[in-house]
Amino acid sequence: MSAPVFLAPGDTIRHGRQVVLDGAEGRHAVTVRRLATGEPIVLADGAGLAVYGTVNRTEGKDTLYIDVDSRTEEPAPAPRIVVVQALPKGDRGELAVETTTEVGVDVIVPWTAARCITQWKGERGAKALAKWRATAREAGKQARRLHLPEVTEPMSTRQVTALLEAASFAGVLHEAATEPIATAAVPDEGDLVLVVGPEGGVTPEELAAFTAVGATAYRLGPTVLRTSTAGVSAASVLLARSGRWS
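Residues numbered from 1 in each chain as written. Predicted model: local features only at pLDDT ≥ 70, side-chain atom pairs only at ≥ 80, totals over all residues. Heavy atoms only, no water.

S.K.: What is the right way to look at the packing of helix H3 (residues 92-103) against helix H4 (residues 122-142) in this model?
M.R.: If you want to describe how two helices pack, look at the angle between their axes and the distance between the axes. For the pair H3 and H4, interaxial distance at closest approach is 8 Å and the crossing angle is 35°. As for the relative orientation of H3 and H4, their crossing is right-handed in sense. The residues of H4 that touch H3, namely those facing Gly93, Glu94, Val97, Glu98, Thr101 and Glu102, are Lys131, Trp132, Thr135, Ala136, Ala139 and Gly140. Of the residues in the contact of H3 with H4, the class split is 4 nonpolar, 4 polar and 4 charged. (Axes fitted to C-alpha atoms, helices over the stretch in contact; angles between N-to-C directions. Helix = DSSP H or I, 4+ residues; strand = E, 2+ residues; numbered from the N terminus. Left-handed = near helix turned anticlockwise from the far one by under 90°. Contact = heavy atoms within 4.5 Å. Nonpolar A, V, L, I, M, F, W, Y, C, P; charged D, E, K, R; others polar.)

S.K.: What is the right way to look at the sheet that holds strand S5 (residues 63-73) in this model?
M.R.: Note on sheets: strands pair through backbone hydrogen bonds, and any given pair is parallel or antiparallel. Ordered by their spatial adjacency, 5 strands build an open sheet running S1-S3-S4-S5-S2, and the pairing between neighbours is mixed. Only two strands of the sheet have a single partner each, and these edge strands are strand S1 (5-7) and strand S2 (18-21). Neighbour-to-neighbour, the strand axes of the sheet open up by a mean angle of 40°, direction not taken into account. Where S1 meets strand S3 (residues 40-44), 3 bridges bridge the pair, whose relative direction is parallel. Its bridge partner being in S3, leucine 7 is matched across the sheet by alanine 44. (Pairing = 2+ DSSP bridges.)

S.K.: Hey, could you run me through the sheet that holds strand S8 (residues 150-151) in this one?
M.R.: A sheet is described by the order of its strands in space; here 6 strands give the open sequence S8-S7-S6-S10-S9-S11, paired in parallel fashion. Unpaired on one side and paired on the other, S8 and strand S11 (216-218) mark the two borders of the sheet. Where strand S6 (residues 80-86) lies against strand S7 (residues 107-111), 5 bridges are found, and the strand directions are parallel. Pairing of alanine 86 across the sheet is with tryptophan 111, part of S7. The strands touched by helix H5 (residues 157-165) are S6, S7, strand S9 (169-173) and strand S10 (191-196); relative to S10, the strand with the most contacts, the crossing angle is about 145°.

S.K.: Would you mind going over H5 with me for this structure?
M.R.: For an α-helix, 3.6 residues make a turn, and residues three or four places apart therefore share a direction. Buried residues of H5: Thr157, Val160, Thr161 and Leu164, and no others. In an axial view of H5, the angular spread of the buried residues amounts to 105°, which keeps them on one side of the axis. Opposite its buried face, H5 presents the exposed residues Arg158 and Glu165, each directed more than 90 degrees away. Where H5 is buried, its residues meet S6, S7, S9, S10 and helix H6 (204-212). (Buried < 20%, exposed > 50% of the residue type's maximum accessible area, 1.4 Å probe, protein only. Arc of directions from axis to C-beta.)

S.K.: Looking at this structure, I do not really get the domain arrangement of the protein chain. What am I missing?
M.R.: One widely used convention gives an interface's size as the accessible area the parts lose upon coming together. Split into domains, the protein chain comes out as domain 1 (5-73) and domain 2 (80-242). In this structure, domain 1 and domain 2 have C-alpha centres spaced 33 Å apart. The interface is formed by 11 residues belonging to domain 1 together with 6 residues belonging to domain 2. Roughly 830 Å² is buried in total at the junction of domain 1 and domain 2, and carbon and sulfur atoms are behind 61% of that figure. Among the residues domain 1 hides against domain 2, the three largest losses belong to Val5, Leu7 and Gly46. Together they make up 56% of the total. For the pair domain 1 and domain 2, the interface holds 2 salt bridges. Two residues, glutamate 25 and lysine 141, come together in a salt bridge whose shortest N-O distance is 2.9 Å. One can count 4 residue pairs in polar contact (both at pLDDT 80 or more) joining domain 1 with domain 2. Among the elements of the structure, S1 and strand S4 (49-59) are those that each provide at least two residues to the side of domain 1 that touches domain 2. With 3 residues, S1 is the single largest residue contributor to the side of domain 1 that touches domain 2. (Domains from an automatic or database assignment. Buried area = accessible area lost by both parts, 1.4 Å probe. Salt bridge = Lys/Arg side-chain N within 4 Å of Asp/Glu carboxyl O. Polar contact = N/O pair within 3.5 Å; in protein donor to acceptor, adjacent residues only side chain to side chain.)

S.K.: How should I be thinking about the pattern of salt bridges in this particular structure?
M.R.: Two side chains carrying opposite charge are able to pair once their charged atoms lie near each other. Within this structure, the stated rule accounts for 11 salt bridges. Linking arginine 14 and glutamate 73 is a salt bridge whose minimum nitrogen-to-oxygen distance equals 3.1 Å. Linking arginine 14 in the loop between helix H1 (10-13) and S2 with glutamate 73 in strand S5, this pair joins segments that are 59 residues apart in sequence. By relative accessible area, which is 33% here, arginine 14 ends up partly exposed.

Below, the structure written as structure tokens:
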């Protein structure tokens, strides 16, 4: 089994033959994972820098001293996969974030689509966004990712349209589309932006706005997926076709 990943600021792990992990991450390592002297561990800053080492000793309930075996700095993945996820109802948004993070999506954009049942407003919206970001953080650690995905502020349809217009690849999942995403031409650089609609689907007006700036409507297959699983399925196709999974 591969060593567990914990997050630490880059400036604290970039130098030195021994580094310290404390705070919330240290507490999780010591009291939850119960890491002991001699066990392997990886510290990452979430932006590509990682330290591979072994636990020298623990101190109290939240501090580990780690002997550094090696360091690596992983370049940012290319092309970048961006999933625009319409706000699902209930906890399905966290499911979408968790699974797309696990497969390797680089940016997750919450979208306030016209047919969204869920509305992010005021304090409720701030809490929901924080939950998405926490989910991405934990899923990234579980998946042993050195680059954590960005979860942006919520975007309107106008903002998503601008995002699609600037993309190297712009796609919208739509159950009535005839072109399969499995055969789409995928560039090897730039942003690959994929829009996933809400439970009620993308409206004709939204689809018209997106296609007007060059986006193409795609279907996944013969079945209709939930909004919480469509994104990870389509993103997996793009990751494979772009060479990211080769």
